[in-house]
Amino acid sequence: MNRLLQIKNRRNGESKVITLTEFNAKFANELDLAISDFSQHEANRGLLLPFKIDTRDYKAEFYFELRWNFNSYANCEWFIERFIR
């Protein structure tokens, strides 16, 4: 079963309901940049820990809190308003 999510345009208030697969395809570039920014931010938080090897899967962590992370890290005129199911 594919998740449904409601996205909204910041400029004109237009709202759409799409599947997660459609979202990944439509916003592939924005997702790549947002995951890269998220990864850099999280890696920088651990720089002060000596002798620690970073083996975290940042993409999985990004998708764990997809709504918050996409809305915070993606420079896009669309944002995830809510997950429907």
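Residues numbered from 1 in each chain as written. Predicted model: local features only at pLDDT ≥ 70, side-chain atom pairs only at ≥ 80, totals over all residues. Heavy atoms only, no water.

**Student:** Sorry, what's going on with the overall build of the protein here?
**Tutor:** Within the protein, the regular secondary structure consists of four helices and three strands. For the protein, the α and β elements follow one another from N to C terminus as β-β-α-α-α-α-β. Buried positions account for 29% of the 85 residues belonging to the protein. Within the protein, counting contacts between residues at least 6 apart in sequence, those at least 24 apart form 54% of the total. (Helix = DSSP H or I, 4+ residues; strand = E, 2+ residues; numbered from the N terminus. Buried < 20%, exposed > 50% of the residue type's maximum accessible area, 1.4 Å probe, protein only. Contact = heavy atoms within 4.5 Å.)

**Student:** Which parts of the structure should I look at to understand the sheet that holds strand β1 (residues 4-9)?
**Tutor:** Note: strands within a sheet are paired through backbone hydrogen bonds, in either parallel or antiparallel orientation. As summarised here, the arrangement of the three strands in space is β2-β1-β3, forming an open sheet in which the pairing is antiparallel. Each edge of the open sheet carries a strand with a single partner, namely β2 (15-19) and β3 (78-83). Across the sheet, the axes of successive neighbouring strands diverge by a mean angle of 35°, strand direction being ignored. (Pairing = 2+ DSSP bridges. Axes fitted to C-alpha atoms, helices over the stretch in contact; angles between N-to-C directions.)

**Student:** Looking at this structure, how should I read the pairing of β2?
**Tutor:** Two faces make up the sheet, and in a regular strand the side chains alternate between them. Direction of pairing for β1 relative to β2: antiparallel, over a ladder of five bridges. Each bridged residue has a counterpart across the sheet, and for I7 the counterpart in β2 is K16. Counted between consecutive antiparallel strands, the loop separating β1 from β2 contains five residues, among which G13 sits at a positive phi close to 80°.

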